[in-house]
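Working through the structure, step by step
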Amino acid sequence: MSEKNDIPTDKSPVDTEQGDGFVIPKQNAFQRLIHRRNDLNELGKDMLQKSLQYDRAQLEADAIKVRWKLDLLVLPMMMITYMLSFLDKQTLNYSNAYGLQKDTKMTGDDYSWVASALYFGWLCGAWPWNILLQRVAIGKLVGGMLFIWGLVCMLQATVFNFGGFFVVRFFLGMLEACLSPAWVILTSMLWTRKEQTLRSSIWLCTNGVANILGALLAYASGVAEGLKIDQWKLIFLIVGALTFLWGFVIILYLPDGPHNAKMLTEYERIVAVWRVSNNHIGLKDATIRPYQIKEALLDGKCYLVWMTGMSLGILNGAVTNFMSAIIKGFNFDALRASLLQAPGGAFEVVSCILLGWFSQLPNMVGVTIILGCLPGMAGLIGILTINIEHRYALVAMCWLQNVLGSPIVLNWTVPGLNIAGHTKRSTVIGIYFFCFVVGDVIGPHLFLPEEVPRYPSAIKGLLGTYCAVVFFQGLYTLWCWLENKNRDRLGQRAEAVEEELLEGFEDLTDKQNKHFRYTL
């Protein structure tokens, strides 16, 4: 590996990240945060030009070492953060088995509305967070939010009625709305397009780990004796405290991009930028370009992505909030219902990793998303048709719903893979997660209290939603394939030379950059 001394060190990339050269007079801390610019494309172009001074074979060899560092040091931080975030969301599901509704005097569909409150908060936060993520350092923002949402999670143990729970869950959702788009953006900055689907699948598979740990935590809380607080409150306090403490690790060590990763030497940061230059999307540009917003709103492919996201959100909202109630409805007590959710987490972990690996094969992302829907569809049919006497077979059908995590995260990667232009990508991601959360809000309301335990109306609605995902994703993949073929026919190269690599840092959209190819 090249010596660090080969690179001039008069100005560190980290200094640029901190905003040197931008004068913001007489502003308080909040105003400085809002107006702070985080333009990394110029820095990225400079680092790419430095990388071109080195032999390509040397860069390729060192790129493998850099990738391993990112995989072993950054990816675990993303995994644990996402696991805690999912645990925060799932606390309501686990607490529901221990008398939460009775103690807080919820009646009718109050619980469904409390479950939806988190997504109402996410709806309100989706667009502002995406604008802010384009302008500020990702690691610092997520680290700060971990402190706040850990405290808000613990606050759930203090409420005693429907209104209080609704308000706290609303703000919890508003705070956590930053994480998923932040991880999508950070993944696109640190890994190549070929690598992104597997890495995204790995950090999202921790939802399955969270399901296992959460089920065990709920079971342990249920068997604990001599407690001075209700068992359902203990779950909120434990998960909230863990989230708060983890915030110290993220704010100190998580990089904001390849340019300031503390675990890399200065030369390795240059290699890290060179690695992702062939993505043709640059690093980050804080300039809001209205024409890119217009292009996003007029791009038919984006509407297919958004409709797929809403359909997946409906499925996610249903599975996340009602799995405990469905299993309990098969005549299991609260303790057994909690414990029986753990194997579903294992299903999610295994399916995310296997399908994530499969999606790395050429032109297989869209196909993998469609394949990932099939187990869930089979499970829903089983819940409708299997005799209620076969309780454990019905529970196994519920476990199949956890495979949904794989098509969700693979679809989340689509804007990072196939949308170029930072304003356009932020617009698409912001609207995508807005649509996803609208689906999350709709999902729990498909379940009618009088239809316990099979909820036939909800199950049939979810089957139709799975079919919609397959249709929208298949149409999107076909459209991208035709667009790639058209560019190939016109002789527009897909393999970039040096000038075209630099062009990727000019903040061109996927329509403007004719060297761009859509991932299928």
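Since the structure is predicted, the reported quantities are computational estimates derived from the model, not experimental observations. (Residues numbered from 1 in each chain as written. Predicted model: local features only at pLDDT ≥ 70, side-chain atom pairs only at ≥ 80, totals over all residues. Heavy atoms only, no water.)

1. Looking at the overall build of the chain
Condition: Put simply, DSSP H or I for four residues or longer makes a helix, DSSP E for two residues or longer makes a strand, and each gets a number counted from the N terminus. The buried label goes to any residue with under 20% of its type's maximum accessible area, the exposed label to any with over 50%, and the partly exposed label to all in between, with areas taken from a 1.4 Å probe on protein chains only. Residues count as neighbours in contact if any of their non-hydrogen atoms are within 4.5 Å of one another. Methods summary: accessible areas were calculated by the Shrake-Rupley approach with a probe of 1.4 Å, and residue burial reflects only the protein chains presented.
Scanning the chain from N- to C-terminus turns up 23 helices and 0 strands. The buried share among the 520 residues of the chain stands at 59%. Within the chain, contacts between residues at least 6 apart in sequence are counted, and of these 84% link residues at least 24 apart. Of the roughly 20000 Å² of accessible surface on the chain, a fraction of 65% belongs to carbon and sulfur atoms.

2. Remarks on the packing of aromatic side chains
To keep it simple, the criterion reads: Any Phe, Tyr or Trp ring, taking Trp's six-membered ring, that has another such ring centre within 6.5 Å forms a pair; planes under 30 degrees apart are called stacked, those over 60 apart edge-to-face, and the others tilted.
Summed over all chains, the structure comprises 22 aromatic pairs. Three or more aromatic residues joined by ring pairs form one cluster here, namely Tyr82, Trp122, Trp203, Trp412, Tyr432, Phe433 and Phe436.

3. Focus on the pattern of salt bridges
For clarity, the threshold we go by: A side-chain nitrogen of Lys or Arg and a carboxyl oxygen of Asp or Glu constitute a salt bridge if their distance falls within 4 Å.
Counted by the stated rule, this structure contains 11 salt bridges. Here Arg199 ties to Asp71 by a salt bridge, and the two come within 2.8 Å at their closest N and O atoms. In this pair, Arg199 is assigned in helix 10 (residues 193-204) and Asp71 in helix 4 (residues 56-95), connecting sequence segments 128 residues apart. Asp510 is the partner of Lys424 in a salt bridge, and the nearest nitrogen-oxygen pair spans 3.0 Å. In this pair, Lys424 is assigned in helix 21 (residues 422-442) and Asp510 in the segment after helix 23 (498-503), connecting sequence segments 86 residues apart. Across this residue pair, the class does not change: Lys424 and Asp510 are buried. Among the ionic contacts, a cluster of salt bridges with common partners joins Glu295, Asp299, Lys301, Lys424 and Asp510.

4. Description of helix 13 (residues 266-276)
Because each turn of an α-helix spans 3.6 residues, side chains separated by three or four positions end up pointing in the same direction. Burial analysis of helix 13 places 11 of its 11 residues in the buried class, which makes it a mostly covered element. Taken as a whole, helix 13 has its buried residues at Glu266, Tyr267, Glu268, Arg269, Ile270, Val271, Ala272, Val273, Trp274, Arg275 and Val276.

5. Observations concerning the confidence of the model for the chain
Counted only if it meets this: The quantity called pLDDT is the predictor's confidence in a given residue, expressed from 0 to 100.
Residues of the chain with pLDDT of at least 70 account for 85%, and the chain-wide mean is 80. Here residues 1-25 is modelled with pLDDT under 50, and outside its nearest four sequence neighbours on either side it reaches 42 contacts, counting other chains as well. Note on residues 30-38: pLDDT is under 50 here. Beyond four places in sequence and across chains, it has 24 contacts.

6. A look at a nonpolar patch on the surface
Note the following rule: Here a patch means residues that are over 30% exposed by relative accessible area and free of salt bridges, tied together within 9 Å if like-charged and within 5 Å if nonpolar (Val, Leu, Ile, Met, Phe, Trp, Tyr).
A contiguous nonpolar surface patch, about 490 Å² in accessible area, is contributed by Phe471, Leu475, Leu478, Trp481 and Leu482. For Phe471, a relative accessible area of 53% translates into the label exposed.

7. Regarding the packing of helix 17 (residues 342-359) against helix 20 (residues 405-418)
Applicable threshold: Interaxial angle, 0 to 180 degrees, is taken between N-to-C directions of lines fitted to C-alpha atoms, where a helix line uses only the stretch in contact. Any angle between 65 and 115 degrees counts as roughly perpendicular, while under 35 counts as roughly parallel, over 145 as roughly antiparallel, and the rest as oblique. Crossings are classed by handedness, with left-handed meaning an anticlockwise turn of the near helix from the far one by less than a right angle and right-handed meaning a clockwise turn. Side-chain classes follow a simple rule in which Ala, Val, Leu, Ile, Met, Phe, Trp, Tyr, Cys and Pro form the nonpolar group, Asp, Glu, Lys and Arg form the charged group, and the remainder, Gly included, forms the polar group.
Axis separation between helix 17 and helix 20 bottoms out at 8 Å; the angle between their running directions is 45°. Classified by the interaxial angle, the pair formed by helix 17 and helix 20 is oblique. For the element pair helix 17 and helix 20, the recorded crossing hand is right-handed. For the pair helix 17 and helix 20, contact is made by Glu348, Ser351, Cys352, Leu355 and Ser359 and by Gly405, Ser406 and Leu410, respectively. Classifying every residue of the contact of helix 17 with helix 20 gives 3 nonpolar, 4 polar and 1 charged.

8. A short note on the environment of Leu417
Tracing the sequence through the fold places Leu417 in helix 20. Separated by 230 residues in the primary sequence, Leu417 and Thr187 have C-alpha atoms spaced 10.0 Å apart. Contacts of Leu417, omitting those with residues within four sequence positions, involve Arg193, Gln196, Thr197, Phe516 and Thr519.

9. Remarks on the side chain of Ser180
Among the structural elements, Ser180 can be located in helix 9 (residues 179-190). Ignoring anything within four residues of it in the chain, the contact list for Ser180 reads Tyr82, Trp122, Trp412 and Phe433.

10. Some points on empty space enclosed by the protein
Rule in force here: Any residue with an atom within 4 Å of a point lines the site, the site being either a cavity, points on a 1 Å grid over the protein atoms alone where a 1.4 Å probe fits but cannot get out, or a pocket, an open set with protein on both sides within 12 Å along at least 5 of 7 lines. Grid points are joined across faces, edges and corners, and a volume is the space filled by probe spheres set on the points.
Following the criterion strictly, the structure yields 5 cavities of 30 Å³ or more and no others. Within this model, the largest cavity holds a volume of roughly 300 Å³. Around the largest cavity sit 26 residues that line it, and Phe86, Asn207, Asn316, Thr320 and Glu348 are the ones nearest its centre. Going through the elements one at a time, helix 4, helix 6 (110-135), helix 11 (206-223), helix 15 (300-328), helix 17 and helix 20 are the ones with two or more residues in the lining of the largest cavity. It is helix 4 that contributes the most residues to the lining of the largest cavity, 5 residues altogether. Looking at the lining of the largest cavity, its residues break down into 12 nonpolar, 12 polar and 2 charged.

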